Amino acid sequence: MNKKLKEKINESLSSVLPITIIIFILSVTFVPIPIGTTIMFLVGASMLVVGMGFFSLGADMAMMPMGEGVGAQIFRMRNIWLAVFVCFLMGFMITVAEPDLQVLARQVPSVPSMVLIATVALGVGVFLVVAFLRIVFQISLPKMLIGFYLALFVLAAFTPRDFIPVAFDSGGVTTGPITVPFIMAFGLGLASVRSDKGSQDDSFGLVALCSIGPILAVLLLGIVYNPSDTTYTSVVAPEVATTRDVALQYAHECPEFIREVLFALVPICIFFLIFQFITHRYAKGQLIRISVGFVYTLIGLVLFLTGVNVGFIPVGHLIGSTIGGSDHPWVLIPLGMLIGYYIVNAEPAVHVLNKQVEEVTGGAISQRAMRLALSIGISCSLALTMVRILTGISIFWLLIPGYGAAMAITFFVPKIFTGIAFDSGGVASGPMTSTFLLPFAMGACESFGGNVLIDAFGVVAMVAMTPLITIQIMGLIYSRRALCANNTQELTDLTYSNPEE
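A quick note: this is a predicted structure, and the numbers were derived from the prediction, not measured.

Where do I start with the overall build of the protein in this structure?
A count of helices and strands for the protein gives 20 helices and zero strands. Taken over C-alpha atoms, the radius of gyration comes to 22 Å for the protein, in line with the 23 Å a tight globule of 501 residues would show. Its C-alpha atoms put the protein at 75 × 60 × 50 Å along the principal axes. Classification of the 501 residues of the protein by burial places 58% in the buried group. Total accessible area on the protein stands at roughly 20100 Å², and carbon and sulfur atoms take up 67% of it. In the protein, the 24 positive side-chain charges and the 28 negative ones have mean positions that sit 8 Å from each other.

Given below as structure tokens:
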């Protein structure tokens, strides 16, 4: 086996194993799960591990260098209108290809899937242009975020209540395993062309802005469609009694995900070939490496998406509905915290972000520190989501104070932490959120007698919000320690330069 691939699979095993153990323990204690469903879940977990390994290696070999090259080339374009058009086209095309968005669109009632997907893609395309212009003209990211989020909450006041959680969820799912590696590398490429002091800070923030566009676009769609007659169809777990039934279930679903991933990657490959034909940026050896990376990405995403959709959705819904309908539904809160703490490490795009943060900061912000801050944030978000399901409080009572706190902290942390934090919010809400946490919340909400569209939808939005606070708090701690270290060093230098004093 390829040494790098083996390393990636080992990394993914360490990420997926904790959540797998938690669910397996639940299946033999509090939530009895049929043996066939348990086997289906374990097969899905195995596919998840191998798929994440292939995907991570593929992202390193193909998506990252391609995105960085395109970003650097676009920044050098003399015709800014052409650069704007390319940015919009790239953002629209990659979003249409995002598997997470397709998963969410299939679960949203009333609005046709392709209408929702096109609306979200339009929002990402427009806001990728906004992110590009921000870097070109060096506009402050915190000021832009405050302005756009204020506009977002004002618009939400005119949107049907049933549609608001879906709109906020759409902003989280757009930044998934296809979008994140490319957009983050694209930002790095844009910033690398600049040689000024703030270029490193501006390499982050693209994912943050691209997460706002879909929310605004879907809120507008909700006003136009006025989907007040929305009805939700409950998740029905497939009946599997034997290992043969499990194999048939995976064999039946796998071709669908192959088509989805091909639908995602083929347009990107075509775009890359056109880009290479015009610019001749990459040498023959680089093209071979990128081609192999695309193959790894294809294999990884097919395995990953098949595993989470077939193996995790039924189990997530079953666990949520069983505990929600029990005599002690409050158990959902600590259980949600525990699942949230570990499940974020199973998100493939999180590994891409953590690695890039460590590289850009020269190791000052380690992957371990990022993982801890994200785990704490997602743990809190799942606890708040379960509280919302059990009490029925409006999502605005959580989102408005949460985003308000996140915006306030931006004035006290280094700029780079603001970009990293808001990027982290989008990255953390990936396929594991839409295929396990959302069914988990839906199952709990159904059993407890809540409104699924209002109370269960919104879990992706909550997962996207809390990292904004925890990562920036990490930034405050980091900057305080750096300040103390500098003061200590200055005092030492002063002492040695004036020994008599």
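More follows now that the structure is in view.
Would you mind showing me how to read the environment of methionine 47 here?
Secondary-structure assignment places methionine 47 in helix H2 (residues 35–75). For the pair methionine 47 and alanine 485, spaced 438 residues apart in the sequence, the C-alpha separation amounts to 46 Å. Apart from the residues lying within four places of it in its own chain, the contact partners of methionine 47 are Tyr250, Leu303, Phe304, Thr306 and Gly307.

How should I be thinking about the packing of helix H15 (residues 367–391) against helix H18 (residues 431–448) in this particular structure?
Two numbers describe a pair of packed helices, the interaxial angle and the distance between the axes. At a minimum axis distance of 10 Å, the contact between H15 and H18 shows a crossing angle of 25°. If you check the angle between H15 and H18, you find them roughly parallel. For the crossing formed where H15 meets H18, the hand is right-handed. For the pair formed by H15 and H18, the contact residues are Leu382, Met386, Ile389 and Leu390 on the first element and Leu437, Phe440, Ala441, Ala444, Cys445 and Phe448 on the second. When the residues that make up the contact of H15 with H18 are grouped by side-chain class, the tally is ten nonpolar, no polar and no charged.

What am I meant to see in unusual backbone geometry here?
Excluding glycine, most residues fall at negative phi; most peptide bonds, likewise, are trans. In this structure, glutamine 138 takes a positive phi of about 55° despite not being glycine. By secondary structure assignment, the location of glutamine 138 is in the loop between helix H5 (113–137) and helix H6 (141–156). Within the chain, histidine 280 stands out as a residue other than glycine whose phi angle is a positive 55°. Relative to the helices and strands, histidine 280 resides in the loop between helix H11 (243–279) and helix H12 (284–324). Judged by its relative accessible area of 59%, histidine 280 is exposed.

Looking at this structure, how should I read the side chain of arginine 388?
Relative to the elements of secondary structure, arginine 388 occurs in helix H15. Nearest to the buried, unbridged arginine 388 among oppositely charged side chains is aspartate 455, at 4.4 Å. In this structure, arginine 388 is in contact with Ile393, Ser394, Ile395, Leu398, Ile454, Asp455, Ala456, Phe457, Gly458 and Val459, ignoring residues within four places of it in sequence.

Can you walk me through the environment of aspartate 423 in this structure?
Checked against the element boundaries, aspartate 423 lands in helix H17 (residues 415–428). In the structure, aspartate 423 is positioned ten residues away from valine 413 in sequence and 15 Å away in space, judged by C-alpha atoms. Not counting residues up to four positions away in its chain, the partners in contact with aspartate 423 are Met184, Phe204, Gly205, Leu206, Val207, Ala208 and Leu353. From its side chain, aspartate 423 meets the backbone nitrogen of glycine 205 in a polar contact 2.9 Å long.

Help me understand the packing of aromatic side chains in this model?
How two aromatic rings sit relative to each other is set out by the distance from centre to centre and by the angle between their planes. The full count for this structure, using the stated rule, is 16 aromatic pairs. Considering the side-chain rings of tyrosine 341 and tyrosine 342, the 5.1 Å spacing of their centres and the 75° angle between planes classify their relative orientation as edge-to-face. Taking the relative accessible area as the measure of exposure, tyrosine 341 reaches 30% and is therefore partly exposed. With a centroid separation of 6.3 Å and 5° between ring planes, the pair formed by phenylalanine 436 and phenylalanine 440 is classed as stacked. On the criterion of helical spacing, the pair formed by phenylalanine 436 and phenylalanine 440 is a turn pair, its members being four residues apart in helix H18. There is no split in this pair, since phenylalanine 436 and phenylalanine 440 are both buried. One aromatic cluster is present, built from ring pairs that chain together Tyr149, Phe153, Phe168, Phe396, Tyr403 and Phe422.

Looking at this model, I keep getting lost on the pattern of salt bridges. Mind explaining?
A side chain with one charge may pair with a side chain of the opposite charge, provided their charged atoms come close. Evaluated as defined, the whole model comprises four salt bridges. A salt bridge links glutamate 7 to lysine 4; its shortest N-O distance comes to 4.0 Å. Highlighted residues: glutamate 7 and lysine 4, both in helix H1 (residues 3–27), separated by three residues, approximately one helical turn. For glutamate 7, a relative accessible area of 37% corresponds to the partly exposed category. Among the residues examined, lysine 4 registers a relative accessible area of 42% and is labelled partly exposed. Here the residues in one salt-bridge network are Lys8, Asp60 and Lys355, joined through shared partners.

Sorry if this is basic, but what is going on with H6 here?
An α-helical segment advances 3.6 residues per turn. Residues three or four places apart therefore align on the same side. Over its 16 residues, H6 extends 22 Å from the first C-alpha to the last, a length consistent with the 22 Å expected when each residue adds 1.5 Å. Of the positions making up H6, those classed as buried are Leu141, Pro142, Met144, Leu145, Tyr149, Leu152, Phe153, Leu155 and Ala156. Here the buried residues of H6 occupy an arc of 155° about the axis, which is enough to place them on one side. More than 90 degrees from the buried face of H6, the exposed residues found are Lys143, Leu150 and Val154. Each element contacted by the buried residues of H6 is listed here: H5, helix H7 (164–173), helix H10 (206–225), helix H16 (396–409) and H17.

Is there a simple way to think about H1 in this case?
Here H1 spans 35 Å end to end across 25 residues, near enough to the 36 Å set by a 1.5 Å rise per residue. Largest kink in H1: about 30°, centred on valine 16, with the proline proline 18 one to four residues after it. Those residues of H1 that fall on the buried side of the exposure criterion are Leu5, Lys8, Ile9, Ser12, Ser15, Val16, Ile19, Thr20, Ile22, Ile23, Leu26 and Ser27. Each element contacted by the buried residues of H1 is listed here: H2, H12, helix H13 (332–343), helix H14 (348–360) and H18.

Any chance you could explain a nonpolar patch on the surface here in plain terms?
Together, Ile258, Leu262, Val266, Ile270, Ile274, Phe277 and Ile278 line one region of the surface with nonpolar side chains, adding up to about 680 Å² of accessible area. In this fold, phenylalanine 277 is placed in helix H11. Given a relative accessible area of 65%, phenylalanine 277 falls into the exposed group.

How each quantity is defined
- Residues numbered from 1 in each chain as written.
- Predicted model: local features only at pLDDT ≥ 70, side-chain atom pairs only at ≥ 80, totals over all residues.
- Heavy atoms only, no water.
- Helix = DSSP H or I, 4+ residues; strand = E, 2+ residues; numbered from the N terminus.
- Rg over C-alpha atoms; globule rule 2.2 N^0.38 Å.
- Buried < 20%, exposed > 50% of the residue type's maximum accessible area, 1.4 Å probe, protein only.
- Areas by Shrake-Rupley, 256 points an atom, 1.4 Å probe, with all protein chains shown as cover.
- Lys, Arg positive; Asp, Glu negative; His and termini not counted.
- Charge placed at Lys NZ, Arg CZ, Asp CG, Glu CD.
- Contact = heavy atoms within 4.5 Å.
- Axes fitted to C-alpha atoms, helices over the stretch in contact; angles between N-to-C directions.
- Parallel < 35°, antiparallel > 145°, perpendicular 65-115°, else oblique.
- Left-handed = near helix turned anticlockwise from the far one by under 90°.
- Nonpolar A, V, L, I, M, F, W, Y, C, P; charged D, E, K, R; others polar.
- Salt bridge = Lys/Arg side-chain N within 4 Å of Asp/Glu carboxyl O.
- Polar contact = N/O pair within 3.5 Å; in protein donor to acceptor, adjacent residues only side chain to side chain.
- Phe/Tyr/Trp six-rings, centres within 6.5 Å; stacked < 30°, edge-to-face > 60°.
- Expected span 1.5 Å × (residues − 1).
- Arc of directions from axis to C-beta.
- Bend = angle between axes of the 7 residues up to and from the residue.
- Patch = residues over 30% accessible without salt bridge, like charges linked within 9 Å, V, L, I, M, F, W, Y side chains within 5 Å.

Interpretation note: all reported values are geometric properties and have no functional meaning in isolation.
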